[in-house]
Amino acid sequence: MTRQAQIDRDHQPAAEKPKNNEERRGFEAEVSRLLKLMVHSVYSDRDIFLRELVSNACDACDKLRYEALTKPELQAGEGDFAIHISIDKKASILRISDNGIGMDHDDLINHLGTIARSGTAAFLEKVSGDQKPDLSLIGQFGVGFYSSFMVADSVRVISRKAGSADAWEWESDGEGSYVMRPASRDQHGTSIDVHLKADAKEYLEPSRLRTILQRYSDHISVPIYLDDGDPKSDQTADETPKPVNDGSALWVRPKSDITPDLYTAFYQHVAHAHDEPALVLHTKAEGVISYTALLFIPQNRPMDLFDPARKPRVKLYVKRVFISDDNDELLPGYLRFFKGVVDSEDLSLNISREMLQQNPVVRRIRKALTNKALAELQKTADKDSDRYGKIWDAFGAVLKEGLYEDADRRPALLKLARFRSTHADGLISLADYLGRMKDNQKAIYYVTGNDLAAVRRSPQLEGFRARDVEVLLLCDPVDEFWLSAVNAYEDKPFKSITRGGSDLKDLEPKDPTADAETKDKDASDRHDAAIDSLITALKSLLGTQISDVRSSDRLTQTAACLVAEDNGLDLHLERILRQHQQLDQMAMGKILEINPDHSLIKAMAAQCASKEGYDRLADSAELLLDQARILEGEGPSDPTAFAQRLARLMEQGLPSQ
Ligand SMILES: Nc1ncnc2c1ncn2[C@@H]1O[C@H](COP(=O)(O)OP(=O)(O)OP(=O)(O)O)[C@@H](O)[C@H]1O
């Protein structure tokens with residue numbers, strides 16, 4: 001019997017099945033939305049549907065190989081795993097068949113009628129609004145199967161789960177519903193009939209399919225056979241059929257045999273990605289522990305990067321047998337942007353997924369792999385700072401999580417960390433910062449906030465700029481947390497410029513003019529009587545709204561700003577905690593710093609000198625505080641009172657009628 005005939009026999013149409021056993025079901029709303037996108041969008045790279053279906057077929061074989069370790073009867077007498085692709089030109093059908101784990105009735109409903117992957121709703125939100133949706137991310141969301149509707153006007157799946165005698169058929173035109181009916185299939189596994197649209201007949205051409213399979217699926221570790229439907233070239237049972245792909249696991253092949261294209265194709269398969277990898281780490285350890293790892297860093301952030309589960313999702317194989325892709329044992333959460341496979345020679349094939357966590361070999365692999373990953377990042381940083389900069393821009397925020405959760409590797413991570421700063425357009429390292437520190441500078445200064453542009457405008461930066469003192473600009477939410485755990489780098493403490501005293505009087509100004517200027521601005525030296533009385537007045541007028549008022553040496557252009565107390569929380573951290581209801585609204589007092597050289601402050605000081613002026617100072621005092629709050633990104637404490645005060649002062653400044 002020819003292979004085609006064999007496949008046809010396995011895959012009998014459901015015509016004989018009683019119609020009354022048929023059930024029509026609606027797709028989950030999200031699937032419908034997604035299918036609409038697939039059916040109606042003009043996506044330039046439609047070839048990927050074949051990769052997705054072959055990828056699923058390979059995963060199905062991997063799953064059965066694993067299940068059969070403990071239940072060999074599941075695969076008994078079924079021969080080797082294989083994926084068959086056949087063409088029926090007359091009927092315009094492309095069929096992808098596998099002898100993997102298969103799906104039962106409920107699996108078909110659950111896997112092909114819903115989308116389980118988190119982030120799908122957000123993804124749909126993003127692409128639905130676009131004129132021309134970017135579907136290049138589809139694979140990431142576990143929606144790979146649905147991509148067949150880019151080329152199909154209907155899809156029919158016949159599947160039989162290993163260990164079960166029943167087969168089921170699932171059929172849909174992608175328009176809101178699908179039909180399920182009983183079917184028959186000789187072998188466990190799945191066949192997918194893609195009934196091609198009129199404009200997708202190219203996928204009936206064997207040479208076209210061969211090219212796509214070689215490009216995208218050569219690394220697939222299950223042999224793929226292409227049956228071109230041509231009786232002349234059809235092989236008989238005596239001939240040994242030749243797979244289109246190499247069929248061996250890519251990671252065990254010698255590095256010298258693997259082209260960059262092959263790495264990319266494998267990365268796209270294993271990470272469900274569509275971009276090129278930003279870094280490839282292919283390493284083999286032999287000795288105390290033996291494992292091979294083929295890991296990749298994507299160029300773009302996957303949509304689920306900040307998913308609360310923080311799972312690394314590196315696939316674990318034992319001696320080429322797939323064990324699990326849902327583990328967080330092989331790499332720490334802060335390296336979850338690495339995608340790929342780890343294959344161990346030392347683990348037992350019988351290891352259960354639940355046992356991975358306690359396993360000492362797994363723990364040793366994790367340790368070695370984490371060190372290896374960090375060393376590879378350092379190597380890239382040393383050799384190619386542009387490439388490393390791009391990796392950092394995409395994944396630095398994740399890597400920084402390691403600064404507070406992995407104390408042992410903190411020095412290595414601090415060396416890898418990159419920052420924006422007041423003194424550079426690009427990224428800098430802490431070594432760069434240390435090299436530019438002033439002679440008598442004792443701390444590494446930083447300011448935190450939500451976005452770079454706003455942070456760059458912080459009034460608290462003014463005095464540091466005037467003295468040419470570099471300040472790190474930190475905008476990732478994680479920054480507040482690692483800074484609370486990491487005290488210093490090479491004995492230099494990290495210090496927020498929005499907390500406590502500024503230290504600026506200890507720092508040399510950048511030039512003699514600035515020297516004169518800053519000395520002039522040095523509040524502690526001035527002891528200007530008028531400013532002192534203004535400070536006393538402000539303290540009394542603002543009462544408990546602030547913990548103190550003082551003359552500032554960190555302001556040069558702005559009249560006033562808020563700073564946290566020395567032992568208080570950094571302003572930005574306090575705001576984050578308050579937003580998350582982690583802090584009582586009134587918990588922390590803040591200090592109002594005023595700029596004694598600002599004309600507004602001088603005018604207020606002058607006004608304060610007379611009794612009548614003092615009585616009229618209340619509005620200005622409140623407005624000054626609200627102004628400082630606004631500069632911090634907060635609103636005025638009482639917007640109505642703020643508007644009324646502002647109106648009164650504006651009125652005073654306008655010519656009377
Ligand atoms: N050939 C197949 N054999 C067995 N199960 C399959 C097959 N194809 C799809 N499935 C099941 O359907 C599910 C959904 O497939 P789909 O390609 O949409 O997403 P996925 O493969 O889970 O996602 P991804 O691979 O992108 O993480 C799969 O997880 C798998 O359980």
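Parameters and conventions
- Residues numbered from 1 in each chain as written.
- Predicted model: local features only at pLDDT ≥ 70, side-chain atom pairs only at ≥ 80, totals over all residues.
- UniProt positions renumbered as here; feature names shortened; annotations may be inferred.
- Helix = DSSP H or I, 4+ residues; strand = E, 2+ residues; numbered from the N terminus.
- Buried ≥ 20, exposed ≤ 12 C-beta atoms within 10 Å, placed from the backbone.
- Contact = placed C-beta atoms within 7 Å.
- Pairing = 2+ DSSP bridges.
- Axes fitted to C-alpha atoms, helices over the stretch in contact; angles between N-to-C directions.
- Parallel < 35°, antiparallel > 145°, perpendicular 65-115°, else oblique.
- Nonpolar A, V, L, I, M, F, W, Y, C, P; charged D, E, K, R; others polar.
- Core = buried A, V, L, I, M, F, W, Y, C linked by C-beta atoms within 7 Å.

As annotated in an unreviewed UniProt entry, the protein carries the name Chaperone protein HtpG and comes from Iodidimonas nitroreducens. Under the UniProt heading Function (unreviewed entry), the note attached to the protein is "Molecular chaperone. Has ATPase activity." Under the heading Subunit (unreviewed entry), UniProt records this for the protein: "Homodimer."

A. Looking closely at the overall build of the protein. Assigned secondary structure in the protein consists of 23 helices and 22 strands. Here the protein holds 657 residues, and the buried ones make up 39% of them. Counted over contacts in the protein with a minimum sequence separation of 6, partners at least 24 positions apart contribute 75%.

B. The sheet that holds strand S11 (residues 315-318), seen in detail. Across the sheet, which stays open at both edges, the five strands sit in the order S9-S10-S13-S11-S12 with mixed pairing between neighbours. Lying at the two open borders of the sheet, with one neighbouring strand each, are strand S9 (277-285) and strand S12 (321-324). This sheet shows a mean twist of 20 degrees between the axes of neighbouring strands, independent of strand direction. Here three bridges tie S11 to S12, and the two strands are oriented antiparallel to one another. Paired with Val318 across the two strands is Val321, which belongs to S12. Across the face of the sheet, helix H8 (residues 360-383) comes into contact with S9, strand S10 (291-298) and strand S13 (339-344) while running at roughly 135 degrees to S9.

C. A look at the packing of helix H18 (residues 529-542) against helix H20 (residues 599-608). With their axes 8 Å apart at the nearest point, H18 and H20 run at an angle of 80 degrees to one another. Classed by the angle they form, the pair H18 and H20 counts as roughly perpendicular. Residues Ala530, Ile531, Ser533, Leu534 and Ala537 of H18 lie in contact with H20, whose contacting residues are Met604, Ala605, Ala606 and Cys608. When its residues are assigned to classes, the contact of H18 with H20 shows eight nonpolar, one polar and no charged.

D. How the structure looks around the sheet that holds strand S22 (residues 590-594). The sheet built from three strands is open, its strands ordered S20-S22-S21 with mixed pairing. Every other strand in the sheet has two partners, leaving strand S20 (548-551) and strand S21 (560-564) as the edge strands with one partner each. Shown here is a sheet whose adjacent strand axes are inclined to one another by a mean of 30 degrees, direction ignored. Pairing analysis gives four bridges linking S20 to S22, with the strands arranged parallel. Note that in S22 the partner of Arg550 across the bridge is Glu593. Most of the contacts of helix H22 (residues 617-631) go to S21, to which it runs at about 65 degrees, and overall it touches S21 and S22.

E. Quick look at the environment of Glu67. With respect to the secondary-structure elements, Glu67 resides in helix H3 (residues 48-70). On a C-alpha basis, the gap between Glu67 and Arg467 in space is 67 Å, while along the polypeptide they are 400 residues apart. For Glu67, the residues in contact, after removing those within four places along its chain, are Leu74, Ile101 and Ala162.

F. Focus on the pairing of S13. With six of its six residues buried, S13 lies for the most part within the structure. Residues Lys339, Val341 and Asp343 line one face of S13 and the alternating positions Gly340, Val342 and Ser344 line the opposite face, and both faces are buried. Summarising the sheet, S10 and S13 pair through six bridges and their orientation is antiparallel. For Tyr291, the partnering residue across the bridge sits in S13 and is Ser344. Pairing of S11 with S13 involves four bridges; the strand directions are parallel.

G. Here's a closer look at the pairing of S10. In terms of burial, S10 is a largely internal element, seven of the eight residues being buried. Pairing of S9 with S10, which is carried by eight bridges, proceeds in the antiparallel orientation. Following the sheet pairing, His282 is matched in S10 by Leu294. Joining the antiparallel neighbours S9 and S10 is a turn of five residues, in which Gly287 adopts a positive phi near 135 degrees.

H. Quick look at the nonpolar core. Ranked by internal contacts, the top residues of the largest apolar core, which has 120 residues, are Val54, Ile83, Ile224, Val342, Val471 and Leu472. Broken down by element, the residue count for this core peaks at ten residues, all from H3. Sequence-distant contacts of Ile224, that is, excluding residues within four places in its chain, are made with Val54, Ile83, Ile85, Leu213, Ser217, Pro243, Val244 and Asn245. Judged by nonpolar contacts, the second largest core, of 26 residues, contains Leu534, Ala560, Cys561 and Leu624.

I. Representation of unusual backbone geometry in the model. Its identity is not glycine, yet Asp468 carries a phi of approximately 60 degrees, on the positive side. Here Asp468 lies in the loop between helix H14 (462-466) and strand S17 (471-474). Look at Glu490: it is not a glycine, yet its phi comes out positive at around 45 degrees. Looking at where Glu490 falls in the secondary structure, it is placed in the loop between strand S18 (488-489) and strand S19 (492-496).

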